[in-house]
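Coordinate analysis (summary)
Residues per chain, in single letters:
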Amino acid sequence: MIECLEIVFLLWLLQAMRVSACKTLQIQPPSTTAADIPARPAVRRQQQSLLLLPDTCRGGGRPKKNSLASAASEGFRNSLASGLAAACSKTILAPFDTIKTVQQQARQGMGGKGLSFVDAAALVAGLGVAAIGAMPSVGLYFGIYSYSKRIITPRLRQAVGLTREKSFVMSDNAARRIGIAASAAIGNTFASFSRVPYEVVKQQLQTGQYPNTRKALTAMFRSKGMRAFFPLGGVSIQMVRDIPYAIMTLLTYEAIQEKWTEKSQLQHQGWKDMASGAIAGGVGSFLTNPMDVVKTRLQTQPELYEGSILICARETYIEGGSAAFLRGSFPRLMHKVPANSLFFCFYEAFKRMFNC
């Protein structure tokens, strides 16, 4: 009798140790009863689909604390990776961004300041503030984007996707794309506020209004205080341009990466990251160029348009018609296509470095 009790106690102790280890490693211990019951095909497919989803949508309800912590940790690492990648790509392709800004800022009939490819000092104007200033804004954007995508996408799948208990409203792919678009919009909404000051200073330097960053910061602050770094309409037009650009670019990039990943087991190939980024950047840049023209004019000459997006767009149309909104599109593409190509190549490399 005593030996039987000892055996039962040992078995109970081993089971308790196994459950404790599973909790420590965040592993769900298998059920001994469910494993012996053969699942029907429909139930088996549902179980397999649930295994592919994060913990936020298993078991229903709100996301678990450990899932939120995991999403926050991934968001922070993505923030570091994207910030470093932005600095690298901005440094390499600064001249094309300068040419784009000068072309868009110049008004018809006023003989805007010319810019030559041999004028090396002018081509790299604003490089320091662009490279350093891009790191916090891009890092904030991709950090929030990654965190939001980890939280929103499974919740959408649970609410309207194939994992819904009743009839599903849309496929998991459609829910995933909506999650990507919503996450990109949320991330850019926060990042736009931090992006405006360095964009304003960078464009002032690129258009030759100040010789260097220190003098630009000093003169701008003395003239208008902090208002100089947040001109009328500056934040709103930044969001009007950046949110559609982010949605189009990331939807295109994620779709291309998903297709290539399905066809190849080699998920991490540099040339694929570069090609995906180039195509995504080209699509997003061309479709949002009209908003970029209005943004550049509002941030460099806000007093001419009373800080109003509508007034700026109307004056731009009166000045040059529809073609005026395509000004700077070629140098912008020449900047954005390789910039996104290099950015996503660096971004994926830094993600692997940080185990994102």
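Since we're looking at a predicted model, the values are computed, not measured.

**Things to note about the overall build of the chain**
- From N to C terminus, the chain includes 13 helices and zero strands.
- Along the chain direction, N to C, the helices and strands of the chain fall in the order α-α-α-α-α-α-α-α-α-α-α-α-α.
- Within the chain, buried positions represent 43% of all 356 residues.

**Considering the packing of aromatic side chains**
- Counting across every chain of the model gives 11 aromatic pairs.
- Seen in terms of ring centroids, phenylalanine 142 and phenylalanine 344 are 6.4 Å apart; in terms of plane orientation they differ by 75°. Their pairing is edge-to-face. Here phenylalanine 142, found in helix 6 (residues 127-160), pairs with phenylalanine 344, found in helix 13 (residues 329-353); they are 202 residues apart in sequence, far enough to count as distant. The pair phenylalanine 142 / phenylalanine 344 is uniform in exposure class, with both members buried.
- Measuring from centroid to centroid gives 6.4 Å for phenylalanine 344 and tyrosine 347, while their planes differ by 70°, and the two rings are edge-to-face. Residue phenylalanine 344 and its partner tyrosine 347 are both found in helix 13; the two are separated by three residues, about one turn of the helix. Like tyrosine 347, phenylalanine 344 is buried.
- Here the aromatic residues Tyr141, Phe142, Tyr145, Tyr253, Phe343, Phe344 and Tyr347 are joined through ring pairs into a cluster of three or more.

**Quick notes on the side chain of serine 285**
- Tracing the sequence through the fold places serine 285 in helix 10 (residues 270-287).
- Judged by relative accessible area, serine 285 falls into the buried class, the value being 2%.
- Apart from the residues within four sequence positions on either side, serine 285 is in contact with Tyr245, Arg332, Leu333 and Lys336.

**Here we look at a nonpolar patch on the surface**
- On the surface, Ile279, Val283, Phe286, Leu287 and Leu326 cluster together into a nonpolar patch covering about 430 Å² of accessible area.
- By the secondary structure assignment, leucine 287 is in helix 10.

**With respect to the packing of helix 7 (residues 172-206) against helix 8 (residues 213-224)**
- With their axes 10 Å apart at the nearest point, helix 7 and helix 8 run at an angle of 115° to one another. For helix 7 against helix 8, the interelement crossing comes out right-handed. The residues of helix 8 that touch helix 7, namely those facing Val200, Val201, Gln204 and Leu205, are Thr213, Ala216, Leu217 and Met220.
- Taken together, the residues of the contact of helix 7 with helix 8 break down into six nonpolar, two polar and no charged.

**Side note on the packing of helix 10 against helix 11 (residues 289-300)**
- Where helix 10 contacts helix 11, the two axes come as close as 4 Å, and the packing angle between them is 60°. One element, helix 10, and the other, helix 11, form an angle in the oblique class. Only Asn289, Pro290 and Met291 of helix 11 make contact with helix 10, whose side of the interface consists of Ser285, Phe286 and Leu287.
- Among the residues making up the contact of helix 10 with helix 11, the classes are represented as four nonpolar, two polar and no charged.

**Side note on the pattern of salt bridges**
- The full count for this structure, using the stated rule, is 13 salt bridges.
- When the shortest N-O distance is used, the salt bridge between arginine 176 and glutamate 254 registers 3.4 Å. Of this pair, arginine 176 sits in helix 7 while glutamate 254 sits in helix 9 (residues 234-263), and the two are 78 residues apart along the sequence. For the pair arginine 176 and glutamate 254, a shared accessibility class is recorded, and that class is buried.
- Ionic contacts of the salt-bridge type, sharing partners, join the residues Lys149, Arg176, Arg177, Glu254 and Glu258 into one network.

**Here's the deal with the environment of methionine 135**
- Note on placement: methionine 135 falls in helix 6.
- Take methionine 135: its relative accessible area is 32%, and that puts it in the partly exposed class.
- Along the chain, methionine 135 and glycine 83 lie 52 residues apart, while their C-alpha atoms are 4.1 Å from each other.

Definitions and cut-offs
- Residues numbered from 1 in each chain as written.
- Predicted model: local features only at pLDDT ≥ 70, side-chain atom pairs only at ≥ 80, totals over all residues.
- Heavy atoms only, no water.
- Helix = DSSP H or I, 4+ residues; strand = E, 2+ residues; numbered from the N terminus.
- Buried < 20%, exposed > 50% of the residue type's maximum accessible area, 1.4 Å probe, protein only.
- Phe/Tyr/Trp six-rings, centres within 6.5 Å; stacked < 30°, edge-to-face > 60°.
- Contact = heavy atoms within 4.5 Å.
- Patch = residues over 30% accessible without salt bridge, like charges linked within 9 Å, V, L, I, M, F, W, Y side chains within 5 Å.
- Areas by Shrake-Rupley, 256 points an atom, 1.4 Å probe, with all protein chains shown as cover.
- Salt bridge = Lys/Arg side-chain N within 4 Å of Asp/Glu carboxyl O.
- Axes fitted to C-alpha atoms, helices over the stretch in contact; angles between N-to-C directions.
- Left-handed = near helix turned anticlockwise from the far one by under 90°.
- Nonpolar A, V, L, I, M, F, W, Y, C, P; charged D, E, K, R; others polar.
- Parallel < 35°, antiparallel > 145°, perpendicular 65-115°, else oblique.

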